[in-house]
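The residues making up each chain are set out below.
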Amino acid sequence: MFVDNVNIFVKAGDGGDGMVAFRREPFVPDGGPAGGDGGKGGDVVLEVDEGLRTLMDFRYQKHFKAKAGENGRPKNQHGKNAEDLVVQVPPGTTIIDADTEELIADLTVHKERMVVARGGRGGKGNTRFKSPSNPAPEIKENGEPAAERNLKLELKLLADVGLVGFPSVGKSTLLSVVSAAQPKIGDYHFTTINPNLGVVGVEDGRSFVMADLPGLIEGAHEGVGLGQQFLRHIERTRVIVHVVDMSGFEGRDPYDDYNTINEELRQYNLRLLERPQVVLANKMDMPEAEEQLHDFKQNMPEDVTIYPISAISKQGLTEMLRDVADLVDQTPEFPLYEKEEEQRVVYRYQKQEDPFTISRDDDGVFVISGEEIEKIFKMTDLTREDSINRFSRKMRHMGIDDALRERGAQDGDTVRLMDFEFEFME
């Protein structure tokens, strides 16, 4: 089965906790601090493997979680950093944030990598909090919570030439004749339900990759039939080869077919029509093909190149393949995303989220929320008084006490932060 569109969940590893430990030191009755920092959690990394051709493996595993960093140790020993979790994807994989629809990366080159979720940093051990006023602190940090996100992976095949056309016009037969590919072939619609790739060799020694893609029908750009499953894969091609059935066997008009397919390409992505396109008048070995071809040429623009061929009898293929190879050589790649756009995605200015917000529940409890304050809270060791006092100082420094007063908080009122409740004290 060919799979080209999946959603996955990734979570990097949390940072390891720092440690509270002591060693005896002269003139320090409680001993000097000796707790080491926690290790960094592992990143989740997507890496291109040119041996893969489908996203099939993601049908069976959709959750990926890196390991947490090791906790700090006594004697100022740093906890081990966790190894990154490397997930292999095929070349041509586009990564999109499923929640925001933001483009993250477009991976096309073997071994190309993208960190999609960063591991949390390790928490600091009590050695880091030593000071003249507190030579033996019982303070340590928990590891930083790691990033997690929902991703959408889309595979868009890397092919030089894409075959387009209605079902049963002979695309699969053509690919099987000009390459070593062995697509399923039949005399009924939608024989091709999965894209097929083949390397086409030209007599002069050149070669290019050709993709036989599922047939189009009217409304494909809106997802009708195989729809966008096909159109996604033609976005990377340099040359479009439009196969038209000249036999009249299906009862359709070749010129109408030609216009319908091009309209679907235009509706899906206007830039597809910027690519060079050649037209193959296929099935010329059939009795009424010559008459159909004559009428077809009468309606076609003069600048459109038409090659009368028969994929079955191999009529007209040599010249056509040579000219297509020339077009591939002459045509630059069409990047899916302009460099400027990619830079905007990666480096664009983002308004910083407020470090905290204060609201009030129906039961009268004041609620503190916000990504920054919640992260600080998660990294606080609530089992030690020194750590709790340090957290309280941070809240005051952030202005949370003043903000609570402005919202009407009075001495003894209940304040909630995540699942932790405490009394507001003046």
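Please read all numbers here as calculations on a predicted model, not as lab measurements.

(A) Looking closely at the pattern of salt bridges. The tally for this structure, following the rule as stated, stands at 23 salt bridges. Note that aspartate 37 is salt-bridged to arginine 128, the shortest N-O span being 2.6 Å. Highlighted residues: aspartate 37 in the loop between β3 (28-33) and β4 (44-48) and arginine 128 in the loop between β9 (113-117) and β10 (148-155), separated in sequence by 91 residues. Judged by its relative accessible area of 52%, arginine 128 is exposed. Across the salt bridge formed by glutamate 70 and arginine 73, the nearest N and O atoms sit 2.5 Å from each other. Its relative accessible area of 31% is what places glutamate 70 among the partly exposed residues. Using a relative accessible area of 29% as the deciding quantity, one classes arginine 73 as partly exposed.

(B) Local environment of the environment of arginine 407. Tracing the backbone through its elements, the reader meets arginine 407 in the loop between α9 (400-406) and β19 (414-417). Other than its neighbours up to four places away in sequence, arginine 407 contacts Ile358, Ser359, Arg360 and Phe366. At a separation of 2.6 Å, a polar atom in the side chain of arginine 407 contacts the main-chain carbonyl oxygen of isoleucine 358.

(C) Local environment of the confidence of the model for the chain. Summing up the model confidence of the chain, the mean pLDDT is 85 and the portion of residues at 70 or higher is 85%. Within the chain, the element-level pLDDT minimum falls on helix α6 (residues 339-347), averaging 39, and the maximum on strand β5 (residues 63-65), averaging 97. Predicted confidence for residues 185-193 stays below pLDDT 50, and this span has 24 contacts to residues more than four positions away or in other chains. Across residues 217-228 the pLDDT falls below 50, and counting only partners more than four positions away or on other chains, this stretch makes 27 contacts in the model.

(D) Fine view of the packing of aromatic side chains. Considering all chains together, one arrives at 5 aromatic pairs under this definition. Of the aromatic side chains, those joined through ring pairs into one cluster are Phe377, Phe391, Phe420 and Phe422.

(E) Structural detail: the sheet that holds strand β6 (residues 85-89). The 3 strands lie next to each other as β6-β4-β9, forming an open sheet whose pairing is mixed. Since the sheet does not close on itself, it has two edges, and those belong to β6 and β9, each with one partner. In this sheet, adjacent strand axes meet at a mean angle of 30° when their direction is disregarded. Note that β4 and β9 share 4 bridges and pair antiparallel. Looking at the pairing, valine 45 lines up with valine 115 of β9.

(F) Representation of the nonpolar core. Core analysis: the biggest nonpolar cluster contains 58 residues, and Phe58, Ile95, Leu153, Leu174 and Phe208 have the highest contact counts within it. Element by element, the count of residues in this core is highest for helix α5 (residues 317-330), at 6 residues. Aside from chain neighbours lying at most four places away, what touches leucine 174 is Leu163, Val243, Leu280, Ile309, Ala311, Leu317 and Met320. Ile373, Ile376, Val415 and Leu417 belong to the second largest nonpolar core, which has 17 residues in total.

(G) Geometry of the sheet that holds strand β7 (residues 93-97). Spatially, 5 strands are ordered β5-β1-β10-β7-β8 in an open sheet, and the strand pairing comes out mixed. In the strand order of this sheet, the two ends are held by β5 and β8 (103-107), each with one partner. Strand-to-strand twist in this sheet, taken as the mean axis angle between neighbours without regard to direction, amounts to 25°.

(H) Molecular detail of the side chain of serine 179. By secondary structure assignment, the location of serine 179 is in the loop between α1 (171-178) and β12 (196-201). Among the polar contacts listed, one links the side chain of serine 179 to the backbone oxygen of leucine 175, at a separation of 2.8 Å. Sequence-distant contacts of serine 179, defined by excluding residues within four places in its chain, comprise Gly198, Val199 and Val200.

Definitions and cut-offs
- Residue numbering note: each chain is counted from 1, following its sequence as written.
- For this predicted model, a pLDDT threshold of at least 70 governs which residues receive local features, and a threshold of 80 or more governs which side-chain atom pairs are given and counted, while totals over whole chains, interfaces and linings are taken from all residues.
- To get the side-chain values, all heavy atoms of the structure are used, and hydrogens and water are removed first.
- Each salt bridge in this description consists of a side-chain nitrogen of Lys or Arg and a carboxyl oxygen of Asp or Glu lying within 4 Å of one another.
- Each helix is a run of H or I in the DSSP string that is no shorter than four residues. Each strand is a run of E no shorter than two, and both are numbered from the N terminus.
- Throughout, exposure labels follow a simple rule: accessible area from a 1.4 Å probe, protein chains only, divided by the maximum for the residue type, with under 20% read as buried, over 50% as exposed, and the rest as partly exposed.
- Any two residues having at least one pair of non-hydrogen atoms within 4.5 Å are treated as being in contact.
- By the criterion applied in these results, polar contacts are pairs of N or O atoms within 3.5 Å in which, for protein atoms, one can donate a hydrogen and the other can accept it, and in which residues neighboring in sequence qualify only through two side-chain atoms.
- What pLDDT reports is the predictor's confidence in each residue, on a scale of 0 through 100.
- Centres within 6.5 Å are what make two rings of Phe, Tyr or Trp a pair, Trp counting through its six-membered ring; a difference in plane orientation under 30 degrees is then read as stacked, over 60 as edge-to-face, and the rest as tilted.
- Here, any two strands with at least 2 DSSP bridges between them count as paired.
- Only the stretch in contact is used when fitting a helix axis, every axis being a line fitted to C-alpha atoms; angles between N-to-C directions are given from 0 to 180 degrees.
- What we call a nonpolar core is a set of buried Ala, Val, Leu, Ile, Met, Phe, Trp, Tyr and Cys residues that are connected through their side-chain atoms within 4.5 Å.

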